[in-house]
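Chains, contacts and geometry: an overview
Letter by letter, the chains look like this.
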Amino acid sequence: DSDQAHDGSLQLLQHRAFVAGMTDRQNGHTSQDQPSSCQLSATTLLFELVRERAELSREVAAAKVAEGGSPCVYDAAQETAVLERANTSAATLGFDVGAAVTFAQLQADCSKQLQAFWLHAWGAAPPKPNLTLDAIRAQLGRLNSEIFSSWKEVVESEWPAAGCTCLASEAGPLF
């Protein structure tokens, strides 16, 4: 797991280098002034965050069993809270609220499917979780915020800078 932590730190540094590069370009510097090996595509970061969120589903399943004894993957109160936070984040970032909440619901549905898969695969012998359910949910909350922020960056900065105005104009209302 230290490799995962190292990879996450490296990605964060690459993301910060990318953002710094975007700021420099806005201030009149060209991309030739920035070493391309230090830049991580905002689109790549967005997909990496979605992947990281999905991977936590295994840990969520293990924690639900360990803390509640029940292998139920659906938690109505938690899901409602996540969707309400997505609504608030979308409004704050200027996204179409309906599309953003739908995206959050899709991620929650994927997570439930992955949890169900793991519970079935483990049978009567689920592993002990590495984190508490509260700690995992805090990570998920951070990831959800980062996903929305990255989404905004992709739509507003990276795609238009790459000449993808059609993608930016079509994806803006979705995200």
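Residues numbered from 1 in each chain as written. Predicted model: local features only at pLDDT ≥ 70, side-chain atom pairs only at ≥ 80, totals over all residues. Heavy atoms only, no water.

**Overview of the overall build of the chain**
To keep it simple, the criterion reads: Only DSSP runs of H or I reaching four residues or more are called helices, and only runs of E reaching two or more are called strands; each is numbered from the N terminus. Three labels apply to residues, based on accessible area from a 1.4 Å probe with only protein chains included: buried if under 20% of the type maximum, exposed if over 50%, partly exposed otherwise in between. Throughout, a residue-residue contact means that at least one pair of heavy atoms, one from each residue, lies within 4.5 Å. In short, Shrake-Rupley with a 1.4 Å probe defines the accessible areas, and a residue's cover is counted only from the protein chains shown.
When helices and strands are tallied, the chain shows six helices and zero strands. Looking at the chain as a whole, 33% of its 175 residues are labelled buried. Expressed as a percentage of contacts within the chain between residues at least 6 apart in sequence, the contacts between residues at least 24 apart total 74%. Carbon and sulfur atoms make up 58% of the accessible area of the chain, which totals about 10,100 Å².

**A word on the packing of helix α3 (residues 76-93) against helix α4 (residues 97-122)**
Rules: Here an angle of 0 to 180 degrees is reported between the N-to-C directions of two axes, which are lines fitted to C-alpha atoms, with helices fitted over the stretch in contact. Handedness of a crossing follows from how the near helix is turned relative to the far one, being left-handed for an anticlockwise turn of less than a right angle and right-handed for a clockwise one.
Here α3 crosses α4 at 145°, and the two axes come no closer than 8 Å. With respect to the hand of their crossing, α3 and α4 are arranged in right-handed fashion. Together, Glu-79, Leu-83, Ala-86, Asn-87, Ala-90 and Ala-91 of α3 and Val-97, Ala-100, Val-101, Ala-104, Gln-105, Ala-108, Asp-109 and Lys-112 of α4 make up the contact between the two elements.

**Here's the deal with the side chain of Ser-111**
Our working rule: Within 3.5 Å is the distance limit for a polar contact, defined as a pair of N or O atoms, with the added protein rule that one can donate a hydrogen and the other accept it, and that residues adjacent in sequence qualify only through two side-chain atoms.
For Ser-111, the location among the structural elements is in helix α4. Using a relative accessible area of 11% as the deciding quantity, one classes Ser-111 as buried. Separated by 3.0 Å, the side chains of Ser-111 and Ser-57 make a polar contact. The residues touching Ser-111, leaving out its near neighbours within four places in the chain, are Arg-53 and Ser-57.

**Some words on the packing of aromatic side chains**
The criterion, for reference: Any two rings among Phe, Tyr and Trp, with Trp reduced to its six-membered ring, count as a pair given centres within 6.5 Å; such a pair is stacked if its planes are under 30 degrees apart, edge-to-face if over 60, and tilted if neither. Criterion for a charge above a ring: Lys NZ or Arg CZ within 6 Å of the ring centre, and within 35 degrees of the ring normal.
A complete count under the given rule lists six aromatic pairs for this structure. Relative to Trp-151, the ring of Phe-95 lies with its centre 5.1 Å away and its plane at 35°, an arrangement referred to as tilted. You can see Phe-95 sitting in the loop between α3 and α4 and its partner Trp-151 sitting in helix α5 (residues 133-161), a full 56 residues away along the chain. With relative accessibility at 9%, the residue Phe-95 sits in the buried group. When its relative accessible area of 1% is taken as the criterion, Trp-151 is described as buried. Members of the aromatic cluster, connected to one another through ring pairs, are Phe-95, Phe-103, Phe-148 and Trp-151. In this structure, Arg-58 is placed above the aromatic ring of Trp-118, and the distance from its NZ or CZ to the ring centre is 4.8 Å.

**Digging into the side chain of Glu-79**
Within the element layout of this structure, Glu-79 appears in helix α3. A residue is classified by how much of its surface remains accessible, and Glu-79, at 11% relative accessible area, is buried. When sequence neighbours within four positions are dropped, the list of residues in contact with Glu-79 reads Tyr-74, Gln-105, Ala-108, Asp-109 and Lys-112.

**Observations concerning α4**
Here is the rule: Take the residue count of a helix, subtract one, and multiply by 1.5 Å to get its expected span.
Taking 1.5 Å of rise per residue, 26 residues should cover 38 Å, and α4 covers 37 Å from first to last C-alpha, within 8% of that figure. Those residues of α4 that sit buried are Ala-99, Ala-100, Phe-103, Ala-104, Gln-107, Ala-108, Ser-111, Lys-112, Gln-115, Leu-119 and Trp-122. N-cap assignment for α4: the residue whose side-chain oxygen lies 3.2 Å from the backbone N of Gly-98 is Asp-96. Backbone geometry just downstream of α4 places Gly-123 in the positive-phi region, at approximately 60°.

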